[in-house]
Every structure is written in structure tokens, then in C-alpha cells.
Amino acid sequence: MFGRTSLIARISRASMVLVIAGAVAACGLPRSGPVKNELFDASVTELGDAYIVPVNDAVAQQTVLRDQLGFSSNFLGAGTVSPDAIRPGDTLGLTIWENVVEGLLARGGAAASVIDEVQVDSAGFIFVPYAGRIMAAGNTPEALRGIITRQLETQTPDPQVSVRRIAGDGATVTVVGNVNGQGVYTIERPTRTLSSMIARAGGVNAEFADYEQVLVRVIRQGQMGTIWLTDLYSNPELDIALRGGDRIVIEQDPRSFIALGATRGQTRVRFDSQDLTALEALAQVGGLDPNLADPTGVFILRDENEEVARRVLGRPELQGEQRVVYILDLTQPTGLFVAEDFLVKDSDTLYVTEAPIARWNKTVSLLLGAVVQPAANIETLTSN
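These numbers come from a predicted model, not from an experiment. (Residues numbered from 1 in each chain as written. Predicted model: local features only at pLDDT ≥ 70, side-chain atom pairs only at ≥ 80, totals over all residues. Heavy atoms only, no water.)

A. Here's a closer look at a negative patch on the surface. There is a patch of like negative charges on the surface, built from Asp57, Glu212, Asp272, Glu280, Glu340 and Asp341. Among the secondary structure elements, aspartate 57 is positioned in helix 3 (residues 57–62). Since its relative accessible area comes to 45%, aspartate 57 is described here as partly exposed. (Patch = residues over 30% accessible without salt bridge, like charges linked within 9 Å, V, L, I, M, F, W, Y side chains within 5 Å. Areas by Shrake-Rupley, 256 points an atom, 1.4 Å probe, with all protein chains shown as cover. Salt bridge = Lys/Arg side-chain N within 4 Å of Asp/Glu carboxyl O. Lys, Arg positive; Asp, Glu negative; His and termini not counted. Charge placed at Lys NZ, Arg CZ, Asp CG, Glu CD. Helix = DSSP H or I, 4+ residues; strand = E, 2+ residues; numbered from the N terminus. Buried < 20%, exposed > 50% of the residue type's maximum accessible area, 1.4 Å probe, protein only.)

B. Here's a closer look at unusual backbone geometry. The phi dihedral of glutamine 221 is positive, around 50 degrees, even though this residue is not glycine. Along the chain, the position of glutamine 221 falls in the loop between strand 9 (214–220) and strand 10 (223–228).

C. The side chain of glutamine 322, seen in detail. Mapped onto the elements of the fold, glutamine 322 is located in strand 15 (residues 322–328). Setting aside anything within four residues of it in sequence, one finds glutamine 322 in contact with Tyr51, Arg302, Asp303, Glu304 and Ala309. (Contact = heavy atoms within 4.5 Å.)

D. Representation of the sheet that holds strand 2 (residues 91–97) in the model. The strand order 3-2-6 describes an open sheet built from three strands, whose pairing is antiparallel. The open sheet has two free edges, formed respectively by strand 3 (112–119) and strand 6 (160–167), since each of these has just one partner strand. Averaged over all adjacent pairs, the angle separating strand axes in this sheet is 15 degrees, with direction ignored. Across six bridges, strand 2 lies against strand 3 in antiparallel orientation. Opposite isoleucine 96, over in strand 3, you have serine 113 as the bridge partner. (Pairing = 2+ DSSP bridges. Axes fitted to C-alpha atoms, helices over the stretch in contact; angles between N-to-C directions.)

E. Representation of the side chain of aspartate 348. Checked against the element boundaries, aspartate 348 lands in the loop between helix 10 (335–341) and strand 16 (349–354). Looking at aspartate 348, the relative accessible area reads 2%, which means it is buried. A distance of 2.8 Å separates the side chain of aspartate 348 from the backbone nitrogen of lysine 345, its partner in a polar contact. In this structure, aspartate 348 is in contact with Ser256, Phe257, Ile258, Ile300, Leu301 and Arg302, ignoring residues within four places of it in sequence. (Polar contact = N/O pair within 3.5 Å; in protein donor to acceptor, adjacent residues only side chain to side chain.)

F. Summary view of the confidence of the model for the protein. Looking at the protein, pLDDT values average 83 and 82% of them are 70 or higher. Across residues 23–27, where pLDDT falls below 50, the model places four contacts with residues more than four positions away in sequence or in other chains. (pLDDT = per-residue confidence, 0-100.)

G. Geometry of helix 9 (residues 306–313). Along helix 9, the residues that are buried comprise Val308, Ala309 and Val312. Buried residues of helix 9, seen end-on, are gathered within an arc of 100 degrees and therefore sit on one face of the element. For helix 9, the capping residue at the N-terminal end is asparagine 305, with a side-chain oxygen 2.7 Å from the backbone nitrogen of glutamate 307. Looking at the residues trailing helix 9, positive phi occurs at glycine 314, about 65 degrees. (Arc of directions from axis to C-beta.)

This is how it looks when you write it as C-alpha cells:
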């Protein structure tokens, strides 16, 4: 009886193994994404729509294409403005003395003629009787005084002119973003450059103590220049002069990549440095999962720039962005060095495939878990 029972149990276990193995083969194991062979099947050579490129030292160098940040000559060539410069919209007050009893403007024995509330029009001009239409914007009150005096002295002897600003704050800039004091600030003598205005606004928020993460954008009359805050502080020639109407935006580096597959963290990750290498990107997500990852299957999926794609693939006829899958093999003698040289770009996807042994372990665990308990139940039934 015992031998018959044992035989039935063995037959039942064997049958269960065959049934479950067939189910596993038919349905597939749970996994975090495609395996290496499936990614290779997406290759253009396999009638797919992506180019598969193993990364070596040459490829790492050919794919370098840094964002061109900086200011154009229009920004760099602008000199500092006087904080006293008159702007459109300002309201001025004029007083004119004439060295005659009956002057052009002063009548009835008055010593002077006072012209209050002369507004600078949108084009920057004012109108002064007998002097005509005069460009006021961009001049200081002292410079405008000289212009008006020269215009009048051909018509009245030795005119004396006084110009004062009655209303208007002069040139202002707007500072927004990750600064301690967002607002509209007047360009004054101590704040005529970009760095001094950022300081006037209270500096960058404390959460951005690492200045490598901070970008500074200046928007001026439809043009924009962008630099890293660290570059602004380390290169005095980039500390541009401000102009009225400038908009200064301080923001965190917006670039990010996505980490998927057999890593310790699957998420969207912000860059933590200006140049982020593949090795640093792996470190940011905690490295490879030691129980799952295949170190020969570290993939970078990217919509590659046309210029770089032509260079890397040796295909000068390519047009537009190209889907490229870069492969890093960390088990090669120089694999870690290559990963340290290969730069990750904004919107890249970092994907690590599972190792074959990990899939085998999943299969064994699934089979054992599904077989041991039913077999135990069968033996219990047969023994009764």
C-alpha cells in the first residue's frame, strides 16, 4: 500500500511539473520589461525602427553634444546704463529762465517759466515750446537739460534750464523664480549688472545650495540668454549689464531621465550635475539590482540628434532625429570607464535588463511554489 501511494505522489508531482512548465512557457514569467533579445529584435537590421549601437570610447566621444548656453553679442556688448536715465512714461518738470524782460516763454516780467508734468511719450520724446520735439528717453535729466538749452539759445539769449523727474521709477527689471525675493526692482547704481541684481533679490533659495543645479535666464525684447549660475559667478565677462524691461528667471535644472528595469529605483530622475554620465545616472538610482540585473545589458534609449546620429552611425543621408539604443557592457575590462565617459541626455531612458539566471530563478521558484503544496495535499489524501 505504501509503495502504491508513493508512486501516485511521484506521478502527480511529475504531472504537475509538466503542466506548470507548459503554462510558464505559454504565458511567460513576470518581469520588469523586455529582455536583451527582444530589444535586439527592434533593430533596423531586424526590420525594426531603432539603431542598436554598442558603446565604446569612440562612440562615447561622438555622442557628446552639450547644450549651447550663454549670452549673444547683443547681451554681452551692452554697456551699463545710468540709473538716472529717463524712460518712456516718465513725467518731467521743466523750469526755463531767460535773460530778457519779455522772453519767449516767461511773460509779464516773470523771472522764469515753469512747465510741469511733461510726459515722455511711448517713443521716448517730449515737446518743449520753441525747442520742438526732443528725444528724452535714454538721457539723464542733466543731459536733457543741455539739449534743451542748445535748442533754445538760438532764439533767446543765455537761457538757463532745469529738468527734474516728477514721476516714474526709471528703468526696472523683473526677477522671478527660485529667489528669496521675487519682484520688480529699479536699476540703481549698485544693481546695474545681473549678479548684483540677483543679490538685490535676496539670492537663490537655500534649497538650491548646490549652484550646479541652477540656471539663470534673461529675456530681453524677444531674445533670451541662459547660463549656469556657477558660470556667472566664476566668469566676470558673463555678468551682463541690465536694461529696463529685462526679465530675470532663476530656475532649477529642468532636465531628467527615466530609470527602468533591474535597477534599485524605477522612477523619473532629475540631473544632479551639468554633465551626467551613465555611471553617475546608475548611482543616482542606487545602482544595479544584484538579484536581477544583467550587467551586460545596460541600455540607453534616446531620440538622437540628427548631427550625432549621422556621426555615430556613419549615415550622412539620415534626416531628423533617429531612435538609437546604446548598449553598455559593464563586464568588459573598460566597461566602467566607458560608462563614466558616456553622457546621459535630457529625456533619455536608462533600462537594465534582467540576467538569464534571474529568470531561471523565477521559473524554479514558481514551479516549486506551485508543485510542493499540491503534492503535499495529494500525499495527505492518499495516506488517508
